[in-house]
Amino acid sequence: MFTQISASVIDGLLIGFVYGIAAMGLSLIWGVMRVINLAHGATMALGMFCIYYLFTDVGVNPYLGLLLVVVLALIFGFIIYMASLHRVIQAGYLYTLLATFAVNMIVIGIGTMVFSTSPRNVDFSLGSIDLGPIILQGTRLLAAGASVVITAALYLFLYFTRPGKAIRAVSDNRAAAELMGIPSSQVLALSFGLGTMLAAVAGGLTSTFFPFTILSGSTYQLKSFVICVLGGLGHPLGALFGGLILGGLEGIVPIFMPVSWVPVVEFGLFVLVLVVRPTGLMGAK
Amino acid sequence: MKRLGFSLLIALAGASLIFSACGKEAAKPKDFVLIGFTASKTGKLNVEATRQINGLNLWVEQVNKAGGIKMPDGKQIKVETKYYDDESNKDRVQELYTRLISSDKADFLVSPYSSGLTDAAAVIAQQNRKIMITAGAASDSTHTKGYALVFQSYTPASRYLTGAVDILLKLDPKAKKIAIIHENDKFSTDVAKALKKYAEGKGMQVPLFEGYDSGTTDFAPFINKIPQGVDAVMGGGHFADTTTFARQLYEKKVPTKMIALLVAPPEPKFAELGEACISVIGASQWEPLAKYSPEAAKAENVEWFGPTVPEFLKLYEDKYGKEEPSYHSGGGYAAGLILQKAIESAGSIDTEKVKAALDKEDMYTFFGRIKFNTTPKLQGLQEGHEMIYIQWQKDKQGKPVKAAVWPTAAATASPFVCPAR
Amino acid sequence: MSFWRQPGFWLNVLLVTVGGAMVILLGQDTLRETAFTVLMFIALASSLNIIMGFAGYVNFGHIVFFGLGGYFGFFLLSQLGWPLYLAMIAGGCLSVVVALVVGAAVLRLRGAYFALATIGINEAARAFVANFPPFGGATGLYVDFSAYDKYGGAGQALWWIFILLWLVTIATVVLSYLVKHSRFGLGLIAIREDEDAAMVMGVKAPWDKTKAFALSAFFPGLVGTLYFFKNGNVEPEDAFRFQLSLEILVMVMLGGKGLVLGPILGAFAYERLRGYLLISPIFKNLHLALSGGVLLLIVLFVPGGAVGWVRDRFPRLRRVLE
């Protein structure tokens, strides 16, 4: 029993790190510009496909491929922002929500046509580490490690670089930031790019251990919502903790009830936290 | 202002008339029989579905090459098909079958691949009084719903994995515990329930019995629940998820004596798993090494119809090259044979006459024996067909190869216990 | 209430009434199938419009009422043998109850938080139903084929179902119009424009919002029961499709939210596009991308939707295009 619990908890926490990175992207975008990015899942799926093609057709190590994904996703995010959000960013939440949703539909539509919905697999294995009765997958360990590194990098960026500080300024008070000479539109575009980048990287990491299709992003998007609400929208570190909480839950809950009840618990908790403490467990803006 | 309203109303009426004119089609006399179906050319069922329509299309080609289906007056009717991609999506299936019946005017229908989709299509077929031959659909439950025109070519789910328990007992007569992890769809659930009943009937226990959502990619929560000392892990669902499950079972080095899974192991593509596929047992509706033959049929006093096993293998290879046919391909071809024989026996393409012929059908084909249940409770359930169990073993070069291990009469090798991982 | 004399009322009601009547009179199966989907979408979009267009609360999980009400109605129909129209109404009533209970908690949230909560509710409902044995769990419910005999066989039954749907859609449109032109509706619009100011002016916002939410839930429950009966079975996956929920939203935006005519035209246009692209092998996936493109254009340039744009351009038509 103990082995079962520890194996499940560890599995859950390892995945939780990756969930956290995914949710961080969503949380960042919300925090900076009050936009809920409904194209989040689709971006994750694109990240998965990127890694897949880089690995299968070009033979690039998935973790190195992530570096390219970072660059591509930043540019992609920038483009999406300018094309869809720039005009409506002041128009209220309904329009920004619908704009990102429209982008989601476009990406999924074209993606389905190009990639079809047949499942793909990145056949990459890093072996495993045997801790007695508990087996740890190499790919999952590395993904968790990468997540920690990325979080640290994000914080260094936000707190110790000029663009990072500009982002925080704009998210605090856009008007005041402009008065201080910060080009807020560019900063918003940059933040959106960052958020997209986090999503794509999370997707890429996930692809190393789960099969996927262009539609796989939607499950993670839903989980990201749950995590952001748990951890507090706008709080990137909160997202990481929220991810760990969710991953841990997904590991522990199945031991005591059929696995199919996990979504009920997840979404029930989601609605509960929203209603009782909308600012999240860690408080948000 | 009211004038505006009325003129709009008239415009609308005009529009509806135009609208409806598009719906009318001139009835045209046909000298061919149209078979309609959907296939999952994309989506998670695409591997199996592609095989199935390959088999079906091969049959169409062969029938037409021989001039068409033979009618009693000496005439021959050619076969044409019309199909759409259902994207492994149930909603599309219902819309598309409605379309096949009412717009495309199909005479007969073949099911999509998978019990879930077939169940959805069967309603439409029955609502519109069209015969549907199902392939790739083993669920018993479709045939308990009162459909009179749906006929099953596969061995039903209730007989699907029960042989695996027999194999387990042969390998280790003292085996006691089986963990069952199955997909939460009609087919796999039917198989799992029947399997559990059979195992418990033999005095075994099932300490873990859980279903996973279709499309699950993370089996860790389930694998972590497998109790220590379990003698066998059985279950799975369809190709995509079962393959992932098998891979994760291997990655997590689950210690057990036997792994028996649905649908995926008999597919040649399963070998792509490499080491992870070795020792996995699968239940197959048909294998290229099956021993059905006209002579054996004669010995049982049952008629033979269609190509022999070697003939089918050659036809398939000629058309599709190196792709080895799996039982899904065989099933597709068999569905065609079933319909062809019924039409020939009935001497017409009238639905009632063909149904009567199907009820009376009892024959051996390369795919096995075909005979339908005709009681109102289980109308159309397949009764004559049997499963063959295969196991992936290593050949002399260490490459994975399929071997038939059960029933003993059809076996080409002995089953072996999973190696310590 | 002199809505009889308002051309806007008649335009909307007659569009649906005459359209459906023509299909029934022509008696063609293919046409009926297409019209069924159109009417279903109109009913769903119009009902969403009540909470989203009038009150300004964007419900991303509107489909949950379709799913839960439909499941309940279908359960009564298939497992307990209830007659169709009774089961249908019971389904609608369950949706209303769910809306009242859930609304009490969730309508307190504003803006994007509300939208997120509705998504969560839909997912929770789906997961719950998948684990709920009376509703068949993950493999869902089905109706024995002989159930259609009560209506004269399957062929006849399909027509009865269509007629019922037609009546339900008319009712949805009529109700939608009446709400919009009532004091209650005025209160909702005030809530949409500025909830706090509305409350200051005496609008009982919490209760009014809940009423609107419950009203919007009733019709999808009816439609769900009909749809599942037509298909002969239901599974959790079909009943709570998030994508459909979003498509309904697109239909409302496409035609023009807050208007009665908007959802009708939006649903019709969207369905036609979808139906055409459904069978074209090259374009079948483009339908989603195209809808997305259209939605984006609307959001960026024509936020009032098609009808909204026409009303802007031709102010004289405003009395007719409601």
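Quick caveat: nothing in here was measured; it's all calculated off a predicted structure.

*Asks:* When you look at the overall build of chain B in this model, what are you seeing that I'm missing?
*Replies:* When helices and strands are counted, chain B shows twelve helices and 16 strands. Against the 2.2 N^0.38 benchmark of 22 Å for 421 residues, chain B shows a C-alpha radius of gyration of 23 Å, consistent with a compact globule. Dimensions of chain B, computed from the C-alpha atoms along their principal axes, are close to 80 × 65 × 40 Å. For chain B, with 421 residues in total, the buried portion stands at 55%.

*Asks:* Teacher, can you tell me more about the overall build of chain A here?
*Replies:* Looking only at helices and strands, chain A has eleven helices and two strands in total. With the C-alpha coordinates of chain A rotated into their principal frame, the extents come out at 60 × 45 × 35 Å. By the burial criterion, 58% of the 285 residues in chain A qualify as buried. Long-range pairs, those at least 24 residues apart, make up 76% of the contacts in chain A between residues at least 6 apart in sequence.

*Asks:* Is there a simple way to think about the interface of chain A and chain C in this case?
*Replies:* The parts lose accessible area when they come together, and the size of an interface is often stated as this lost area. At the junction of the two partners, chain A supplies 34 residues and chain C supplies 34 residues. Those elements that provide at least two residues to the side of chain A that touches chain C are helix H4 (93-115), helix H9 (217-231) and helix H11 (262-276) of chain A. The dominant element in the side of chain A that touches chain C, judged by the number of residues it contributes, is H4 of chain A, at 16 residues. Partitioned by chemical class, the residues of the side of chain A that touches chain C number 28 nonpolar, five polar and one charged.

*Asks:* Looking at this structure, I do not really get the sheet that holds strand E3 (residues 76-85) of chain B. What am I missing?
*Replies:* Hydrogen bonds between backbone atoms are what pair the strands of a sheet, whose relative direction is either parallel or antiparallel. Residues and elements named next belong to chain B. An order of E2-E3-E1-E4-E5-E6 is seen for the six strands of this open sheet, with the pairing classed as mixed. The open sheet has two free edges, formed respectively by strand E2 (69-70) and strand E6 (150-152), since each of these has just one partner strand. Bridge count for strand E1 (residues 32-39) against strand E4 (residues 108-110) is two bridges, and the pairing is parallel. Looking at the pairing, Gly36 lines up with Leu109 of E4.

*Asks:* Help me understand the interface of chain A and chain B, please; the structure alone is not making it clear to me.
*Replies:* Between chain A and chain B, the contact holds 20 residues from the first and 22 residues from the second. Class assignment of the residues belonging to the side of chain A that touches chain B gives a composition of nine nonpolar, nine polar and two charged.

*Asks:* What is the right way to read unusual backbone geometry from this model?
*Replies:* Most peptide bonds take the trans form, and the phi angle of most residues other than glycine is negative. Residue and element names in this part refer to chain B. Residues Trp406 and Pro407 are joined by a peptide bond in cis, for which omega reads -5 degrees. Structurally, Pro407 is set in the segment after strand E16 (400-406). Residue Arg129 is not a glycine yet carries a positive backbone phi of 55 degrees. With respect to the helices and strands, the residue Arg129 is situated in the loop between helix H4 (115-127) and strand E5 (132-134). The phi angle at Val263 is positive, at roughly 60 degrees, despite the residue not being glycine. Here Val263 lies in the loop between strand E10 (258-261) and strand E11 (280-284).

*Asks:* Looking at this model, I keep getting lost on the pairing of strand E7 (residues 177-183) of chain B. Mind explaining?
*Replies:* Remember that side chains alternate between the two faces of the sheet whenever the strand is regular. All names here are of chain B. In terms of burial, E7 is a largely internal element, six of the seven residues being buried. The pairing of E7 with strand E8 (residues 205-212) spans six bridges and is classified as parallel. When the sheet's bridge partners are listed, His182 is paired in E8 with Gly211. Where the polypeptide runs from E7 across helix H6 (residues 186-201) and back to E8, its parallel neighbour, the crossover connection is right-handed.

*Asks:* Just to check I follow, could you spell out the domain arrangement of chain B for this structure?
*Replies:* All names here are of chain B. The domain architecture assigned to chain B consists of domain 1 (32-155 + 290-371) and domain 2 (159-284 + 387-410). Using only C-alpha atoms to locate each centre, domain 1 and domain 2 end up separated by 28 Å. Between domain 1 and domain 2, the contact holds 18 residues from the first and 19 residues from the second. Elements supplying a minimum of two residues to the side of domain 1 that touches domain 2: helix H2 (46-65) and H4. With three residues, the single largest contributor to the side of domain 1 that touches domain 2 is H4.

*Asks:* Which parts of the structure should I look at to understand the sheet that holds strand E14 (residues 368-371) of chain B?
*Replies:* All names here are of chain B. Taken in spatial order, the three strands make up an open sheet running E12-E13-E14, and their pairing is mixed. Unpaired on one side and paired on the other, strand E12 (303-304) and E14 mark the two borders of the sheet. Of the strand pairs in this sheet, strand E13 (residues 362-365) and E14 are connected by four bridges, and their pairing is antiparallel. What sits directly across from Met363, in E14, is Ile370.

Each value, and the rule that gives it
- Counting restarts for each chain: residues are numbered from 1 in the order of the written sequence.
- Following the order in which they are written, the chains are lettered starting with A and the ligands numbered starting with 1.
- Per-residue local features are limited, in this predicted model, to residues with pLDDT of at least 70; the limit for side-chain atom pairs, both in listing and counting, is 80 or more; totals at the level of whole chains, interfaces and linings are taken over all residues.
- Think of it this way: any DSSP run of H or I at least four residues long counts as a helix, any run of E at least two long counts as a strand, and we number them from the N terminus.
- Just to be clear, the radius of gyration here is over C-alpha atoms, and the globule rule we use is 2.2 Å times residues to the power 0.38.
- For the exposure call, what matters is how many other C-beta atoms sit within 10 Å of a residue's own: 20 or more marks it buried, 12 or fewer exposed, and in between partly exposed, using C-beta atoms placed from the backbone.
- Each residue is represented by a C-beta atom placed from its backbone, and any two residues with such atoms within 7 Å are regarded as in contact.
- Gly falls in the polar group here, along with every residue not listed as nonpolar (Ala, Val, Leu, Ile, Met, Phe, Trp, Tyr, Cys, Pro) or charged (Asp, Glu, Lys, Arg).
- Should DSSP find at least two bridges between two strands, the strands are taken to pair.
- Crossovers are marked right-handed if the path from the first strand over the helix to the second runs clockwise, as seen with the strands pointing away from the viewer.
- Bear in mind that the domain bounds are from an automatic or database domain assignment.

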